[in-house]
Amino acid sequence: MADIKQQIFQELSSLEEAAARLRGTAIHAGKQTDLEVAILSEQVRTLRDKNARATQMINESISILEKLKK
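The text that follows walks through the structure, step by step, so that each part is easy to find. (Residues numbered from 1 in each chain as written. Predicted model: local features only at pLDDT ≥ 70, side-chain atom pairs only at ≥ 80, totals over all residues. Heavy atoms only, no water.)

### Concerning the overall build of the chain
Step number 1: For the chain, the count of helices and strands is one helix and zero strands.
Step number 2: For the chain, the C-alpha radius of gyration of 30 Å lies well beyond 11 Å, the compact-globule estimate for 70 residues.
Step number 3: When its C-alpha atoms are laid out on the principal axes, the chain stretches across 100 × 10 × 5 Å.
Step number 4: Looking at the chain as shown, the accessible area adds up to about 6,800 Å², and 61% of this sits on carbon and sulfur atoms.
Step number 5: One way to put it: in the chain the 11 positive side-chain charges average out to a point 13 Å from where the 10 negative ones average out. (Helix = DSSP H or I, 4+ residues; strand = E, 2+ residues; numbered from the N terminus. Rg over C-alpha atoms; globule rule 2.2 N^0.38 Å. Areas by Shrake-Rupley, 256 points an atom, 1.4 Å probe, with all protein chains shown as cover. Lys, Arg positive; Asp, Glu negative; His and termini not counted. Charge placed at Lys NZ, Arg CZ, Asp CG, Glu CD.)

### A short note on the pattern of salt bridges
Step number 1: All chains considered together, the criterion is met by one salt bridge.
Step number 2: In this structure, Arg45 and Glu42 form a salt bridge, with 2.8 Å as the shortest nitrogen-oxygen distance. Taken together, the positions of Arg45 and Glu42, both in helix H1 (residues 2-69) and three residues apart, correspond to about one turn of that helix.
Step number 3: By relative accessible area, which is 41% here, Glu42 ends up partly exposed. (Salt bridge = Lys/Arg side-chain N within 4 Å of Asp/Glu carboxyl O. Buried < 20%, exposed > 50% of the residue type's maximum accessible area, 1.4 Å probe, protein only.)

### Quick look at a nonpolar patch on the surface
Step number 1: A contiguous nonpolar surface patch, about 520 Å² in accessible area, is contributed by Ile4, Ile8, Phe9, Leu12 and Leu15.
Step number 2: Along the chain, the position of Phe9 falls in helix H1. (Patch = residues over 30% accessible without salt bridge, like charges linked within 9 Å, V, L, I, M, F, W, Y side chains within 5 Å.)

Written out as structure tokens, the structure reads:
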């Protein structure tokens, strides 16, 4: 009977350790995901700015070409 109790306590201890490791992994994954989202958001913002500048330059180029065409 004592052996069975000891085995149950060992199993519970192992489960507690596994749960603690999983919690740590989940917390780390959440932080990493937040960082990735922040990086991607910044990259999208930068690309939108570059796209707006490129559009402006293209429009200016078209305007200049139209003036030269006349």
